Amino acid sequence: MSNGAFANGDAAPQTHTPSQRYLSTRGEDTGFSFEDVVLKGLANDGGLYIPEELPTASDWQSWKDLPFNEIAYNVLSLYISPSEIPAEDLKDIVNRSYATFRSEDVTPLINLQDNIHLLELFHGPTFAFKDVALQFLGNLFEYFLVRRNEGKTGRDRYHLTVVGATSGDTGSAAIYGLRGKKDVSVFMLHPKGRVSPIQELQMTTVLDSNVHNLAVTGNFDNCQDIVKALFADPEINATHKLGAVNSINMARILAQITYYFYSYFALLRQQPETFKLGDKVRFSVPSGNFGDILAGYFAYRMGLPVEKLVIATNENDILDRFFKTGRYEKKPAYGAAAEGGLEKDGVKAHEDGVKETLSPAMDILVSSNFERLLWFLAYEFASSAGMDDEWNKKQAGQEVSSWLNDLKSKGGFGVYKDVLEAGRRNFHSERVSDQETLDTIKSLYKEVGYVLDPHTAVGVEAARRAVKIFSANTHTISLSTAHPAKFAGAVEQALKDEEGFDFEAKVLPEEFVGLDKREKRVRDVANDWEAVREVVREQVEEEFKAAGY
Ligand SMILES: Cc1ncc(COP(=O)(O)O)c(C=O)c1O
Ligand SMILES: N[C@@H](CCOP(=O)(O)O)C(=O)O
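Residues numbered from 1 in each chain as written. Chains lettered and ligands numbered in written order. Predicted model: local features only at pLDDT ≥ 70, side-chain atom pairs only at ≥ 80, totals over all residues. Heavy atoms only, no water.

Another point: the packing of helix α2 (residues 68-77) against helix α3 (residues 87-98). Running from N to C, α2 and α3 point in directions that differ by 135°, and their axes come no closer than 10 Å. The orientation of α2 with respect to α3, classified from their angle, is oblique. As α2 runs across α3, the sense of the crossing is right-handed. Two secondary-structure elements touch here, α2 through F68, N69, A72, Y73, L76 and S77 and α3 through A87, L90, K91, V94, N95 and Y98. Along the lines of polarity and charge, the residues of the contact of α2 with α3 split into eight nonpolar, three polar and one charged. (Axes fitted to C-alpha atoms, helices over the stretch in contact; angles between N-to-C directions. Helix = DSSP H or I, 4+ residues; strand = E, 2+ residues; numbered from the N terminus. Parallel < 35°, antiparallel > 145°, perpendicular 65-115°, else oblique. Left-handed = near helix turned anticlockwise from the far one by under 90°. Contact = heavy atoms within 4.5 Å. Nonpolar A, V, L, I, M, F, W, Y, C, P; charged D, E, K, R; others polar.)

Spelled out as structure tokens, the structure:
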């Protein structure tokens with residue numbers, strides 16, 4: 001990366017060329033094509049793929065009147081070489097991916113209150129923000145597989161075995177993106193009993209023969225660790241060609257960049273008096289695995305004028321603790337499990353330290369994409385030594401490897417002051433309790449009649465705090481990551497005493513009615529990656545036999 005200024009005017013390294021090769025955050029693997037990165041998911045050295053260069057969109061201002069799909073194409077074409085996916089094919093993939101959304105805007109922006117706006121990301125097939133990336137990823141997998149399998153038959157065909165971990169939303173979005181697709185099997189691991197009833201039904205009522213729901217006795221991090229252990233096993237990788245649908249897959253992040261640009265332009269149209277092209281905006285993002293907000297960071301690095309990215313966590317607050325202390329630690333600094341009890345401030349905590357909150361999709365101990373941000377921060381730090389770019393990248397990879405090793409062996413690590421300060425330039429964090437989540441749902445309902453889902457409420461509360469800490473004149477776009485009907489328990493708890501509130505009439509979409517009466521398919525598995533590996537082998541074999549291979 002050459003030195004210079006970001007396209008949004010901030011001093012930082014920049015490049016003007018599109019970046020279409022990828023490297024691993026742990027420094028061992030470099031020079032990957034987009035197709036390799038999408039199909040492999042996780043690098044061989046255990047790291048996550050990132051673009052070798054972050055592209056700038058020097059002409060981003062000219063996108064202001066474009067529809068969502070065209071912005072998506074413009075963003076994605078900076079990361080995907082036309083030699084890998086010709087422009088017309090990429091446009092077709094994008095168009096098909098967003099044709100399944102219920103809103104013409106795909107991700108509409110609405111004014112919630114004062115200078116706080118809600119970016120509704122839940123108009124896709126499964127009513128959560130994951131659809132934006134997973135409808136695209138499903139079509140992308142299909143595109144690559146059709147091309148790889150031309151002229152091949154039976155077991156010679158490239159068959160992708162997707163293994164994913166979900167705390168509820170990725171699971172159904174991935175299943176809806178991949179159900180019935182040829183040459184793909186999907187194994188989705190969720191923590192048994194720790195996803196919302198609707199989320200569970202959305203996954204387990206899909207009966208396509210290539211879809212396998214596995215309920216793991218454990219928490220989301222156990223599911224994520226099993227997935228990573230499978231990817232680290234060279235044998236199953238070679239025999240079954242594993243693919244990732246979690247945000248460890250770089251394509252997930254890339255697809256999410258679009259709505260940061262799109263919402264900025266929507267704000268221009270909606271607030272012409274107080275918001276002009278080039279003005280800075282603030283985003284508040286309910287965060288767990290750090291994929292959604294990382295896409296915002298990419299948008300910023302590409303040139304979008306962003307004042308701050310506000311990380312909104314629930315009481316599983318590893319990210320908030322990092323930004324407050326500079327230490328990234330698995331063990332909660334407070335919390336019932338750590339203190340020998342299982343209940344504190346009305347929140348259930350498990351032995352493993354995960355708290356069971358009203359925003360369960362964010363009940364995560366370790367945020368997998370944080371590793372990607374750490375690489376960019378380590379790279380920036382290394383660049384200050386005045387060495388060449390190859391050295392900077394190598395240094396960043398080594399630093400990230402050492403931090404991640406400490407996380408594994410010692411349960412945490414700390415970063416240098418300069419690294420933390422670099423992170424704080426772009427990010428601010430807020431932790432929101434369950435009580436504050438309920439209060440936010442209640443107050444927004446009373447004040448403007450809008451029903452927030454609990455994850456979105458975490459983001460809105462963080463946005464309200466950020467308004468007080470930073471400038472109140474800056475518009476804040478708060479990401480609405482799920483439809484409230486997916487989390488009926490929390491919404492009813494917050495609004496049950498409100499006069500005239502009727503969940504079924506006001507909130508429940510017709511798509512969810514009768515879901516509980518449908519046939520379900522799910523298999524219980526132990527928290528043991530080798531046991532899961534056996535299930536994968538057995539089920540794929542059954543699918544092959546059924547297909548006559
Ligand atoms: C509804 C909802 N909100 C927020 C998040 C957190 O997003 P991320 O994991 O990308 O930080 C998730 C899960 O990922 C989710 O399902
Ligand atoms: N909250 C997620 C957890 C998985 O996150 P991902 O974005 O890495 O897929 C979920 O709902 O499954």
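All right, on to the site of ligand 2 then. Around ligand 2, the surrounding shell holds 13 residues, and the nearest of these are T166, D169, T170, N246 and S247. A distance of 2.6 Å separates an oxygen atom of ligand 2 from a polar side-chain atom of T166. Here an oxygen atom of ligand 2 and a backbone polar atom of S167 are 2.8 Å apart. Out of a free accessible area of 340 Å², ligand 2 has 95% covered by protein chains. (Near = heavy atom within 4 Å. Polar contact = N/O pair within 3.5 Å; in protein donor to acceptor, adjacent residues only side chain to side chain. Areas by Shrake-Rupley, 256 points an atom, 1.4 Å probe, with all protein chains shown as cover.)

Okay, helix α11 (residues 318-325) next. For α11, the tally of buried residues reaches six of eight residues, placing the bulk of the element in the interior. Taken together, the buried positions of α11 are I318, L319, D320, R321, F322 and F323. Of the surrounding elements, those touching the buried residues of α11 are β10 (306-313), β11 (327-329), α12 (370-383), α14 (417-426) and β16 (427-431). Phi turns positive one or two residues past the end of α11, at G326, with a value near 85°. (Buried < 20%, exposed > 50% of the residue type's maximum accessible area, 1.4 Å probe, protein only.)

Okay, empty space enclosed by the protein next. In this structure the tally under the stated criterion is five cavities of 30 Å³ or more. The calculated volume of the largest cavity comes to roughly 310 Å³. As for the largest cavity, its lining consists of 27 residues, of which F129, K130, G288, N289 and A361 are closest to the centre. Taken together, the residues of the lining of the largest cavity break down into 10 nonpolar, 13 polar and four charged. What the second largest cavity holds in volume is close to 90 Å³. Together, 11 residues line the second largest cavity, and P191, R194, V354, P360 and D363 are the ones closest to its centre. Among the residues making up the lining of the second largest cavity, the classes are represented as four nonpolar, three polar and four charged. (1 Å grid on protein atoms, 1.4 Å probe; cavity = no way out; pocket = protein on both sides within 12 Å on 5 of 7 lines; lining within 4 Å. Points joined across faces, edges and corners; volume = space filled by probe spheres on them.)

Time to look at the UniProt feature "modified residue: N6-(pyridoxal phosphate)lysine" (unreviewed entry) in the protein chain. The UniProt entry lists K130 under the feature "modified residue: N6-(pyridoxal phosphate)lysine" (unreviewed entry), expressed in the numbering used here. Structurally, K130 is set in helix α4 (residues 130-148). (UniProt positions renumbered as here; feature names shortened; annotations may be inferred.)

In this model, the protein chain carries a mean pLDDT of 92, and residues with pLDDT of at least 70 account for 93%. Taken together, the stretch residues 1-7 has pLDDT below 50 and engages in 26 contacts with residues farther than four places along the chain or on a different chain. Confidence drops under pLDDT 50 across residues 333-342; counting only partners more than four residues distant or on other chains, this segment forms 25 contacts. (pLDDT = per-residue confidence, 0-100.)

To continue, consider unusual backbone geometry. Trans peptide bonds make up most of the peptide bonds, and negative phi angles are found at most residues other than glycine. Positive phi values are uncommon outside glycine, yet V106 reaches one of about 65°. Structurally, V106 is set in the loop between α3 and β3 (109-113). If you check the backbone angles, F290 has positive phi at about 70° while not being a glycine. Checked against the element boundaries, F290 lands in the loop between β9 (281-286) and α10 (291-302). Judged by relative accessible area, F290 falls into the buried class, the value being 1%.

This next bit is on the packing of α2 against helix α9 (residues 250-270). It is the contact of α2 with α9, at a shortest axis distance of 9 Å, that shows an interaxial angle of 130°. The pairing of α2 with α9 is recorded here as oblique in orientation. For the pair α2 and α9, the crossing hand works out as right-handed. Across from F68, I71, A72, V75 and L76 in α2, the residues of α9 making contact are L254, A255, I257, T258, Y259, F261, Y262 and F265. Residue composition of the contact of α2 with α9, grouped by class: 12 nonpolar, one polar and no charged.

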